[in-house]
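Fold and geometry: a report
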Amino acid sequence: MKIIINLDSTDNFQEVEIEETSSVLELKMLLQTIFNIPFNEMELKLKNQIIQNPNLQIKDLKIGDNVLLLKQVQNQNIGFSQIFQPQNISNNNNNSLGSVFDQFMSGARPNNNNRPNIQQPFSIAQQFSLAMRNLNDQNNKARELYIKERVKELKDRFLTTPEDLQKLFDSDPNLAEAIVSGNDSKLEEIVKKKINEAEEKYKKDQIEYMKLMRGDQNDPNVQKKIAEIIRKKNINENLKYAEEFLPETLFPVHMLYINIEINKKKVIALVDTGAQSTIMCKKTAEECNLMNLCDERYQGIATGVGTSRILGAIHAAQLKINDKYLMCKITVIENNAIGCIFGLDNMRTHGCIIDLKKGSLIFPSAGIEAKFLSDGEIKKLKVEETENLEKEEIKKAKEESLKKK
């Protein structure tokens, strides 16, 4: 479980993780490594009550969302005799069992000639150190096991679903490359780093929240900050739900494209129900030998996301989809960045159905099922478009340079 520790009412907050079945004494030994305070000089308070029993288990404290206050005080006798019961020391003379055992376990020999010189066991610090090493070993092993389980889940999921893997390459290429590399050590390092970053952020948020909770609750600024922290917490929980139950929504979604052919020229058309008309840029229309059919009486201005001049309309163009032909109306525009958009006008005319489960644009009357391009094909298309655009810009720059000369 995780506990927030506040050092002596300062701004020093630390989040520690310890097993619920661990004792208060083991917690103190853990805090000794964090705050560099001897365990026997620690005073722990919960709800303004000092925790006296060192053998009490953490789960019995019922800490909940409360903060443990840690204070350094003078050397305390925390009752070693209550923790470790000596087997070979009899309680005689004037020495109490507690004082003799404390000296014995701290490394001092009993200064009593009537006592036998028995073999000294581990000192109390050594025993505590051993207990803490065991606890840390358990935590480290559990953490390593958790990371290995996450690695296995990642490999099982993404290596068996190429579409999700392609999406992961778009959103997190380093993680995707580690998954396909087969190098589990590299993948474990990446997962470990991501977990550490998430834990560090969570720790900082918790510390900030606890500081605010200890502040003036009537201060409007404090209330505003607390409300913002709660809002972010709700968002993170919502994201966690999405990661578990709706993982596909976390990846970028590509638009829908189909392959068509016009006059033996292959064209990639964007399927867009938001486009009122099917449009094609002048450059593509020229490549498809359609400009001779362009009716310039239908010139105008096309508006939408930006504007472009309409050069005219082609009233009946023959499109080949798969091995069948359809007649469609196409509006030709000046903007060469558009390419080709298969719009709502022709979808209505042919009674099209967009089937996302099958990944197809279906033309029921013609018996055509046009498959949408895969994410990999779209990615390649985008790269080609970028390269072509760069070439066009270079060409224009050279032409302008020649004109100036």
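In this report, we go over the structure that sits alongside the text. Throughout, residues of each chain are indexed from 1 in the direction in which the sequence is written. Where local features are concerned, this predicted model is filtered to residues with pLDDT of at least 70; where side-chain atom pairs are given and counted, the filter is 80 or more; whole-chain, interface and lining totals use all residues. Heavy atoms throughout the structure, all of them, feed into the side-chain values; hydrogens and water do not.

1. With respect to the nonpolar core
In plain words, nonpolar cores are sets of buried Ala, Val, Leu, Ile, Met, Phe, Trp, Tyr and Cys residues tied together by side-chain atoms within 4.5 Å. Burial classification: accessible surface area is computed with a 1.4 Å probe over protein chains only, and a residue below 20% of its type maximum counts as buried, one above 50% as exposed, and the rest as partly exposed. Counting residues in each nonpolar core, the largest one holds 30 residues, and the members touching the most others are I260, L290, F342, L361 and F363. Ranked by residue count, the leading element in this core is strand β10 (residues 306-321), at 5 residues. Residues I5, I18, L44 and L46 belong to the second largest nonpolar core, which totals 20 residues. Going along the chain from the N terminus, every DSSP run of H or I of four or more residues is numbered as a helix, and every run of E of two or more is numbered as a strand.

2. Focus: the sheet that holds strand β15 (residues 368-371)
By definition, the strands of a sheet pair up through backbone hydrogen bonds, in either a parallel or an antiparallel sense. One open sheet holds the 3 strands; their spatial order is β13-β14-β15, and the pairing between them is antiparallel. Both outer strands of the open sheet, β13 (353-355) and β15, are each paired with one neighbouring strand and no more. This sheet shows a mean twist of 25° between the axes of neighbouring strands, independent of strand direction. By definition, two strands form a pair when at least two bridges between them are found by DSSP. In this structure, strand β14 (residues 360-363) lies alongside β15, joined through 4 bridges in antiparallel fashion. Looking at the pairing, F363 lines up with I368 of β15. Here an angle of 0 to 180 degrees is reported between the N-to-C directions of two axes, which are lines fitted to C-alpha atoms, with helices fitted over the stretch in contact.

3. Points about the sheet that holds strand β1 (residues 2-7)
With mixed pairing, the 5 strands of this open sheet are ordered in space as β2-β1-β5-β3-β4. The two strands at the open ends of the sheet, each matched to only one other strand, are β2 (13-17) and β4 (49-50). Pairing analysis gives 2 bridges linking strand β3 (residues 42-46) to β4, with the strands arranged antiparallel. Note that in β4 the partner of L46 across the bridge is Q49.

4. Regarding the pairing of β3
Put simply, side chains in a regular strand alternate between the two faces of the sheet. When you tally the buried positions in β3, you get 4 out of 5 residues, the bulk of the element. Inspection of the sheet shows β3 paired to strand β5 (residues 67-72) by 4 bridges, in the antiparallel sense. The residue of β5 that forms the bridge with E43 is K71. In this structure, the hairpin formed by β3 and β4 is closed by a connection of 2 residues, where K47 is found at a positive phi of approximately 55°.

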